[in-house]
Amino acid sequence: MAELNPFKIVHKQLEDCARILKFDKGTHEMLKRPMRELHVSIPVKMDNGETQVFDGFRVQYNDSRGPTKGGIRFHPDETIDTVRALAAWMTWKTAVVDIPLGGGKGGIVCDPKNLSQGELERLSRGYARAIGPDFWGPEQDVPAPDVYTTPQIMTWIMDEYSKMQGKNQFGLITGKPIMLGGSLGRGDATARGGWYTIREAAQILGIELSKAKIAVQGYGNAGYFAAALGKSLFGCKTIAVSDSKGGIMDEAGLDPEAVNEYKKKTGSVVGFPGAKPISNEALLELPVDILIPSALENVITEKNAGNIKAKISAELANGPTTPEADDILYKKGVHVIPDFLCNAGGVTVSYFEMVQNFYQHYWTEKEVQEKLDLKMKTAYHAVVAASKMYKINMRQAAYVVAVQRVVEAMKLRGWV
């Protein structure tokens, strides 16, 4: 596939699903496009007194199963097609773990690293005003943090929305600080949910996790927690990690906490004492038990899929594997836990946060983790069952499970 436009990849994956489930043309067409999308211009008074205008988006892909749910990304390379693709994947993600939500996504074209705290706050509040009460709401569309956004940014957005509504609206947004209605267990939820699926896969494949070696591409929030939880929960040894500047490797095992502290001080894992340098590309091809892509899209393609040696590829990143690479990995016997299943722990705990906000009653961290474990375990085995039933790869099976649920809701509502 020459072009790696993420929304074209969504369409390719949907075509496979439509063929397997024999959708009629109208149903397929409904699934191929967002139900709503909004493009906004956000003027921001910068610290130097000049006004800069930023482009923003919000996409509500499908709300047949409930309010749309999805993060807000602040990224200099943000595009509407990326947001559309991520909103589609959120639709399948909420469906595959069977929570009563649809999929949405938002983004602003900006580089937050070049913005002051004051500029970030004005941009965040401007985005909230631009999207406004007509597009957002606890029963319509609920945003959350994503790439380069934080609980503080979510709080500014929630506060601005509350001002427009004239009352507190904590339930507008998830990923908030605990004292403002956030949920315990949200910080590591994406990686923890991923590990619950890895645990189930390892049992099926006969992999003893206490002896397993792992490699993590992308040592951000999800990647760090993937390494740390692999060690604390199962005794796995992380032998390689990387970030955008490069990677490090140590066959004896890296200390996830020490590497994280080093990255906080230096801005990268590169140069960590005692470790060998390794490129992002080489890390993907290491002979490990578990590969955890936790960075950006399209890192495993038809060019390098044949060189992947891991027994399990657990996708904490969104869209790290192209459709052509999926076919190669399936034939090689690499067990792929697809992104919108593997990384669904974050949105699942965000849903738990919504429930707690509605009830004004909050669970312990242990309760959150137990509920997350059950959701992820149940979803994983539903996908494995579909894979066996239809004799298809795990991504196709995840699509079958998720899209069937969305289509059933659309049919019950008389949309198709």
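Throughout this description, residue numbers start from 1 for each chain and increase along the sequence as written. Since the coordinates come from a predicted model, pLDDT governs what is reported: local features require at least 70, and pairs of side-chain atoms require 80 or more to be given and counted, while whole-chain, interface and lining totals use all residues. The side-chain values count all of the structure's non-hydrogen atoms but skip hydrogen atoms and water molecules.

S.K.: Please provide a residue-by-residue account of the nonpolar core, values included.
M.R.: Counting 92 residues, the largest nonpolar core has Trp92, Trp195 and Ile292 as its most contacted members. Here, nonpolar core refers to any group of buried Ala, Val, Leu, Ile, Met, Phe, Trp, Tyr and Cys residues whose side-chain atoms link them within 4.5 Å. With a 1.4 Å probe rolled over the protein chains alone, any residue whose accessible area is under 20% of its type maximum counts as buried; one over 50% counts as exposed, and the rest are partly exposed. In terms of nonpolar packing, the next biggest core, distinct from the first, is built from 25 residues, Met46, Ile108, Trp136 and Ile153 among them.

S.K.: Please provide a residue-by-residue account of the sheet that holds strand β11 (residues 312-314), values included.
M.R.: Strand order across the open sheet formed by seven strands is β9-β8-β7-β6-β10-β11-β12, with mixed pairing between neighbours. Every other strand in the sheet has two partners, leaving β9 (276-278) and β12 (335-337) as the edge strands with one partner each. Averaged over neighbouring strand pairs, the angle between their axes works out to 20° when direction is ignored. As paired elements, strand β10 (residues 290-293) and β11 share two bridges and run parallel to each other. Bridging from a neighbouring strand, Leu291 pairs with Ser313 of β11. Note on pairing: two strands pair once DSSP finds at least 2 bridges between them. A run of H or I in DSSP counts as a helix once it spans at least four residues, and a run of E counts as a strand once it spans at least two, with each numbered from the N terminus. The angle between two axes is taken between their N-to-C directions and runs from 0 to 180 degrees, where each axis is a line fitted to C-alpha atoms and a helix contributes only its stretch in contact.

S.K.: Can you explain the packing of helix α1 (residues 6-21) against helix α3 (residues 80-96)? Please cite residues and give values.
M.R.: It is the contact of α1 with α3, at a shortest axis distance of 7 Å, that shows an interaxial angle of 35°. Of the residues in α3, those touching α1 at Pro6, Phe7, Ile9, Val10, Gln13 and Leu14 are Asp81, Thr82, Arg84, Ala85, Ala88, Trp89 and Trp92. The residue classification treats Ala, Val, Leu, Ile, Met, Phe, Trp, Tyr, Cys and Pro as nonpolar and Asp, Glu, Lys and Arg as charged. All others, Gly included, are polar. Split into classes, the residues belonging to the contact of α1 with α3 amount to nine nonpolar, two polar and two charged. Contacts are assigned to residue pairs with any non-hydrogen atoms lying within 4.5 Å of each other.

S.K.: Which residues make up helix α14 (residues 394-412), and what values go with them?
M.R.: With 19 residues, α14 ought to run about 27 Å at 1.5 Å a step, and its terminal C-alpha atoms sit 27 Å apart, in line with that. Buried residues dominate α14, accounting for 14 of its 19 residues. In protein, a polar contact requires one atom able to donate a hydrogen and another able to accept it; more generally it is a pair of N or O atoms within 3.5 Å, and residues adjacent in sequence count only if both atoms are side-chain atoms. The opening residue of α14 is Asn393, an N-cap whose side-chain oxygen sits 3.0 Å from the backbone nitrogen of Arg395. Among the residues trailing α14, Gly414 stands out with phi positive, at a value near 80°. By this rule the span expected of a helix is its residue count minus one, scaled by 1.5 Å.

S.K.: Any chance you could break down the packing of helix α4 (residues 117-131) against helix α5 (residues 151-165) for me, citing the residues and the numbers?
M.R.: Direction vectors running N to C along α4 and α5 enclose 45°, while the axes themselves pass 8 Å from each other. Classified by the angle their axes make, α4 and α5 are oblique. Crossing of α4 against α5: the hand is right-handed. Contact residues: α4 offers Gln117, Leu120, Glu121, Ser124, Arg125, Tyr127, Ala128 and Arg129, while α5 offers Ile153, Trp156, Ile157, Asp159, Glu160, Lys163 and Met164. Residue composition of the contact of α4 with α5, by class: seven nonpolar, two polar and six charged. Roughly parallel means an angle under 35 degrees; roughly antiparallel means over 145; roughly perpendicular covers 65 to 115; every other angle is labelled oblique. For any helix crossing, the convention is left-handed if the near helix is rotated counterclockwise from the far helix by under a right angle, and right-handed if that rotation is clockwise.

S.K.: Before we move on, could you go through the pattern of salt bridges and cite the residues and values that matter?
M.R.: Salt bridge, as used here: a side-chain nitrogen of Lys or Arg that lies within 4 Å of a carboxyl oxygen of Asp or Glu. Tallied over the entire structure, the rule returns 30 salt bridges. Here Lys163 and Asp159 are joined by a salt bridge, their closest N and O atoms 3.5 Å apart. One end of the pair is Lys163 and the other is Asp159, both in helix α5 and four residues apart, which spans about a single turn. For Lys163, a relative accessible area of 54% puts it in the exposed group. According to the relative accessible area criterion, Asp159 is partly exposed, its value standing at 28%. Measuring nitrogen to oxygen at the nearest pair gives 2.8 Å for the salt bridge that ties Arg199 to Glu200. Of the two residues examined, Arg199 and Glu200, each falls in the buried class. Each of Glu121, Arg125, Arg129, Asp159, Glu160 and Lys163 takes part in salt bridges that share partners, so that together they form one network.

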